[in-house]
Amino acid sequence: MKADRFFSVHYDIRHNPKIELLKDMGAGIAELGRWIVLMSILYDVGGLYDVTTQAKRRYLSRELELSEEGLTDFLNNCAECELISAD
């Protein structure tokens, strides 16, 4: 992924089956907002974000407005919806 400051998002992303599932598994429409924020972070860092360090998890928790447990749940849900790799 090349971070060129812009990425396309379809206007009907909220009806994508993977996003619908993510919304159902989590906090509804707020999950879509978190997914877009996560996409922007992933674009900015070239597609891979290491969540094994405490500092990086804190940053991601703050950006997504989630607790530590909430972050784990959100990332697991994204992986289960096949939006990100569980690895």
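Here the structure is a predicted model, which means the values were calculated and not measured.

Draft legend 1. Highlighting the state of the cysteines. With the rule as written, the count across this model stands at zero disulfides. As a non-bridged cysteine, Cys78 has Cys81 as the owner of its nearest cysteine sulfur, 6.8 Å distant.

Draft legend 2. Summary view of helix H1 (residues 17-25). Within the span of H1, buried status applies to Ile19, Leu22 and Lys23. The buried side chains of H1 occupy one side of the element, clustering within an arc of 100° when seen end-on. Across H1 from its buried face, at more than 90 degrees, point the exposed residues Pro17 and Asp24. Each element contacted by the buried residues of H1 is listed here: helix H2 (29-44) and helix H4 (68-80). You can read the cap of H1 off the contacts: a side-chain oxygen lies 2.8 Å from the backbone nitrogen of Lys18, and it is on Asn16.

Draft legend 3. Structural detail: H2. Taking 1.5 Å of rise per residue, 16 residues should cover 22 Å, and H2 covers 23 Å from first to last C-alpha, within 8% of that figure. Those residues of H2 that fall on the buried side of the exposure criterion are Glu31, Leu32, Arg34, Trp35, Leu38, Met39, Ile41 and Leu42. On its buried face, H2 is in contact with H1, helix H3 (54-64) and H4. Once H2 ends, the next one or two residues include Gly46, with phi positive near 85°.

Draft legend 4. Representation of the nonpolar core in the model. Core analysis: the biggest nonpolar cluster contains 18 residues, and Trp35, Leu38, Leu60, Leu64 and Phe74 have the highest contact counts within it. Those residues in contact with Phe74 that sit more than four places away from it in its chain are Leu22, Glu31, Arg34, Trp35, Leu38, Leu64 and Leu66.

Draft legend 5. Main features of the side chain of Ser61. Relative to the helices and strands, Ser61 resides in helix H3. Once residues lying within four places of it in the same chain are set aside, the contact partners of Ser61 are Leu66, Ser67, Glu68 and Leu71.

Conventions used here
Residues numbered from 1 in each chain as written. Predicted model: local features only at pLDDT ≥ 70, side-chain atom pairs only at ≥ 80, totals over all residues. Heavy atoms only, no water. Disulfide = S-S within 2.5 Å. Buried < 20%, exposed > 50% of the residue type's maximum accessible area, 1.4 Å probe, protein only. Helix = DSSP H or I, 4+ residues; strand = E, 2+ residues; numbered from the N terminus. Arc of directions from axis to C-beta. Contact = heavy atoms within 4.5 Å. Polar contact = N/O pair within 3.5 Å; in protein donor to acceptor, adjacent residues only side chain to side chain. Expected span 1.5 Å × (residues − 1). Core = buried A, V, L, I, M, F, W, Y, C linked by side-chain atoms within 4.5 Å.

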